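# A structural walkthrough
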Amino acid sequence: MTEDSRYEAVRSRDARFDGVFFLGVTTTGIYCRPSCPAVTPKRAHVRYYATAAGAQGAGFRACRRCRPDAVPGSPEWDVRADVVGRAMRMIADGVVDREGVAGLASRLGYSARQVQRQLTAEVGAGPVALARAQRAHTARVLLQTTPLAVTEIAFAAGFASVRQFNDTVREIYATTPSGLRAARRGGLGSAGPPVPLTPDGVGAGAPAAGVPLRLAYRGPYDTARLFDFLERRAVTGVEEVRHAARGRTYRRTLSLTHAPGVVEVDERARGTATGGHGWLEARLRLADLRDLTTAVRRVRRLFDLDADPYAVAERLAGDPLLGHLVAAAPGLRSPGAADPHELAVRAVLGQQVTVGAARGLAGTLVAAYGKPLAAPDGALTHLFPAADTLADAAFGELGMPGSRKRTLRTVCAALADGTVVLDPGADREEAERGLRALTGIGPWTAGYVRMRALGDPDVFLPGDAGVRHGLAAVGADARHADGWRPWRSYALHHLWNAAGPPAPPPAGPSGAGNRPRTPRG
């Protein structure tokens, strides 16, 4: 974007660009989102930044009216496959907090100095500053939604000391932690009254208790189709969907760094009176609040909350064959995965079988090998089994061919020993090559894992039976897909919807992992 187009977005308070860039106002020392309701500053007094951390590093404080730290993430980082895009995804997942800058650099295959230089040049802040901005946002959420002591929040948010925590809050929000808690009000990034927590951080009382969140998104959001997608694939013991359509709640267990967690997300989308901002109400029940940042990022990936539906529609809506599908389903999302390893396992289980059969196999796998929760939480009883647990399993409980059991063990062994890496910042091309090198994994399985586990917005599966039916329904063929770049994953979901119910699996022997199939997992 040019400075003129950015200023026009600010002048018109265009919420489409919230999270895409931030503006600092030199006369007030405050940075805002483009849609901030405050009086539009003069052009000469505005500076633009790619990230909130960049604005903070330049000495600007977060606006208390528009809460720029609570906007959806920039969709650019999901699209980009270069080192900066990968680094941004890893930092958002908490890699710097867990492993430091050296750990981030090692994962990227660069030196710490190279990572610092590239991030600073592209987004105006290095990895430490980006992680610090994220910690500050986590601290604000905990201050304004829980009654935890300030000292507990400091360490739960990832700060090394209370002093560092206090200094950061004062610098970014121009107030003390106690003042930030006292200033609590409704808006993006917070929700409802504070919920009492037990000493271990898990919400007390009703199942809906926990850390309440408003998970912001941009543009229209087709919650009905996304919840349909998740409900059809909900695995017994790990996932459940409560209530009826239009008022459903999706719940699932999460295997996190420090302890297990449970998340629940409501289908009914919320928003401001003007419709400029929208969010999904969610609650996180965490045994260890240090996992909050990672848990939020996983939920955001699962629900594709950082997508840019305007950019997707701009590319797909004008297509003469696909346009009517886009118009009929504005805001259609491409669901990701709460756990990349889990998604890879479920993709293998779904080879050559129906969605229902794949779901049943996954439920059997969870009952046999999953780690039980300390106590059931409604219908949630287990964590999905880890890859290293499954790498040597016999799978006698699973009614599927021996060749597919061998493929499942091979995939789990590759994930467990790092031969295949599916972390948020993994190199997508390398991950797909690694998967396809494994016996029993073909283009469909590798592409499906790339789309969902790695969040690639530009995957197309020409051999998929559902895609072929969808293409036939709209009068297109696979050659048209090149015109849908870089949003082919969204085109894929439109075609699946156009195809109607999943087609039955092909007849004959299975297990090669290369044959056309409909979306499972």
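Cut-offs used in this document
- Residues numbered from 1 in each chain as written.
- Predicted model: local features only at pLDDT ≥ 70, side-chain atom pairs only at ≥ 80, totals over all residues.
- Heavy atoms only, no water.
- Helix = DSSP H or I, 4+ residues; strand = E, 2+ residues; numbered from the N terminus.
- Buried < 20%, exposed > 50% of the residue type's maximum accessible area, 1.4 Å probe, protein only.
- Contact = heavy atoms within 4.5 Å.
- Lys, Arg positive; Asp, Glu negative; His and termini not counted.
- Charge placed at Lys NZ, Arg CZ, Asp CG, Glu CD.
- Axes fitted to C-alpha atoms, helices over the stretch in contact; angles between N-to-C directions.
- Parallel < 35°, antiparallel > 145°, perpendicular 65-115°, else oblique.
- Left-handed = near helix turned anticlockwise from the far one by under 90°.
- Nonpolar A, V, L, I, M, F, W, Y, C, P; charged D, E, K, R; others polar.
- Arc of directions from axis to C-beta.
- Polar contact = N/O pair within 3.5 Å; in protein donor to acceptor, adjacent residues only side chain to side chain.
- Pairing = 2+ DSSP bridges.
- 1 Å grid on protein atoms, 1.4 Å probe; cavity = no way out; pocket = protein on both sides within 12 Å on 5 of 7 lines; lining within 4 Å.
- Points joined across faces, edges and corners; volume = space filled by probe spheres on them.
- Salt bridge = Lys/Arg side-chain N within 4 Å of Asp/Glu carboxyl O.
- pLDDT = per-residue confidence, 0-100.
- Expected span 1.5 Å × (residues − 1).

For the rest of this paragraph, the subject is the overall build of the protein. Each helix and strand in the protein was counted, giving 22 helices and 12 strands. Taken along the three principal axes of its C-alpha coordinates, the protein extends 70 × 55 × 50 Å. Counting the 521 residues in the protein, one finds 57% classified as buried. Contacts spanning at least 24 positions in sequence make up 68% of the contacts within the protein whose residues lie at least 6 apart. Computed over 67 positive and 50 negative side-chain charges, the separation of the two mean positions in the protein equals 3 Å.

In this model, R485 is joined to P486 through a cis peptide bond whose omega is 0 degrees. Note that P486 resides in the loop between α21 (465-474) and α22 (488-499). Backbone geometry places A174, a non-glycine residue, at a positive phi of 55 degrees. Overall, A174 belongs to the partly exposed group, its relative accessible area being 37%. The phi torsion at R246 lies on the positive side, around 75 degrees, for a residue other than glycine.

Time to look at the packing of helix α4 (residues 83-92) against helix α5 (residues 95-108). For the pair α4 and α5, interaxial distance at closest approach is 10 Å and the crossing angle is 160 degrees. In terms of their interaxial angle, α4 and α5 are classed as roughly antiparallel. In this structure, the crossing between α4 and α5 has a hand that is right-handed. Contacts between α4 and α5 pair V83, R86, A87, M90 and I91 from the former with V95, V96, L104, R107 and L108 from the latter. For the contact of α4 with α5, a count of residues per class yields 8 nonpolar, no polar and 2 charged.

Turning next to the environment of V421. By the element assignment, V421 lies in the loop between α18 (402-417) and α19 (428-436). According to the relative accessible area criterion, V421 is partly exposed, its value standing at 38%. Each C-alpha atom, one on V421 and one on H341, is 9.1 Å from the other, the two residues being 80 residues apart in sequence. Once you skip the residues sitting within four places of it in the chain, V421 turns out to touch A426 and A431.

The next subject is helix α13 (residues 309-316). Among the residues of α13, those classed as buried are P309, V312 and L316. For α13, the angular spread of buried residues about the axis comes to 60 degrees, placing them on one side. Between a side-chain oxygen at the N-terminus of α13 and the backbone nitrogen of Y310 the separation is 3.1 Å; the capping residue is D308.

Reading across the sheet, the 4 strands line up as β3-β1-β2-β4 and stay open at both edges, with mixed pairing between neighbours. The open sheet terminates on both sides in strands that have one partner only, identified here as β3 (46-49) and β4 (61-62). The sheet contact formed by strand β1 (residues 22-25) and strand β2 (residues 30-32) spans 3 bridges and is antiparallel. Bridge assignment links G24 to a residue of β2, and that residue is Y31. Running over the sheet, helix α1 (residues 3-11) touches β1 and β3 and is turned about 105 degrees from β3.

Attention shifts here to empty space enclosed by the protein. Here the structure, examined in full by the defined rule, presents 5 cavities of 30 Å³ or more. By volume, the second largest cavity amounts to about 100 Å³. If you trace the second largest cavity, you find 15 residues lining it, with E239, R252, E342, R346 and R452 closest to the centre. Taken together, the elements giving at least two residues each to the lining of the second largest cavity come down to α11 (223-233), β7 (249-255) and α15 (340-349). Broken down by element, the lining of the second largest cavity gets its largest block of residues, 3 residues, from α15. Partitioning the lining of the second largest cavity into residue classes produces 6 nonpolar, 2 polar and 7 charged.

So, on to the layout of surface pockets. Considered as a void within the structure, the largest pocket measures approximately 790 Å³ in volume. When residues of the lining of the largest pocket are traced back to their parent elements, those giving at least two are α5, α12 (292-302), α15, α17 (387-390) and α18. Grouping the amino acids of the lining of the largest pocket by side-chain chemistry returns 16 nonpolar, 6 polar and 11 charged.

Before going further, it helps to spend a moment on the pattern of salt bridges. Overall, the coordinates contain 41 salt bridges when judged by the stated rule. Residues E8 and R11 are paired through a salt bridge, measuring 2.6 Å at the closest nitrogen-oxygen approach. In this pair, E8 and R11 both sit in helix α1, 3 residues apart, roughly one turn of the helix. When its relative accessible area of 37% is taken as the criterion, E8 is described as partly exposed. On the basis of relative accessibility, which here comes to 47%, the residue R11 falls in the partly exposed class.

For the rest of this paragraph, the subject is the pairing of strand β10 (residues 278-286). Buried residues dominate β10, accounting for 9 of its 9 residues. In β10, alternate side chains face the same way, and those of G278, L280, A282, L284 and L286 on one face and W279, E281, R283 and R285 on the other are all buried. Of the pairings in the sheet, the one linking strand β5 (residues 211-217) to β10 comprises 7 bridges and is antiparallel in character. What sits directly across from V211, in β10, is L284. Taken together, the 5 bridges between strand β8 (residues 260-266) and β10 define a ladder with antiparallel strand orientation. Along β10, the bridge assignment pairs V265 with A282. Two elements, strand β9 (residues 270-271) and β10, share 2 bridges in a ladder whose sense is antiparallel. Within β10, the residue paired with G271 across the bridge is G278.

We now examine the confidence of the model for the protein. Scored by pLDDT, the protein comes out at a mean of 89, with 90% of its residues at no less than 70. This model gives residues 186-208 a pLDDT under 50, and the stretch forms 71 contacts once residues within four places in sequence are excluded. Confidence drops under a pLDDT of 50 for residues 502-518, and excluding neighbours within four residues, the segment shows 55 contacts in the predicted structure.

Here we come to helix α7 (residues 127-145). Since there are 3.6 residues in each turn of an α-helix, residues three or four apart along the chain are aligned in direction. Between its first and last C-alpha, α7 extends 27 Å over 19 residues, near the 27 Å set by a 1.5 Å rise per residue. Taken across its 19 residues, α7 has 16 buried, putting it largely inside the fold.

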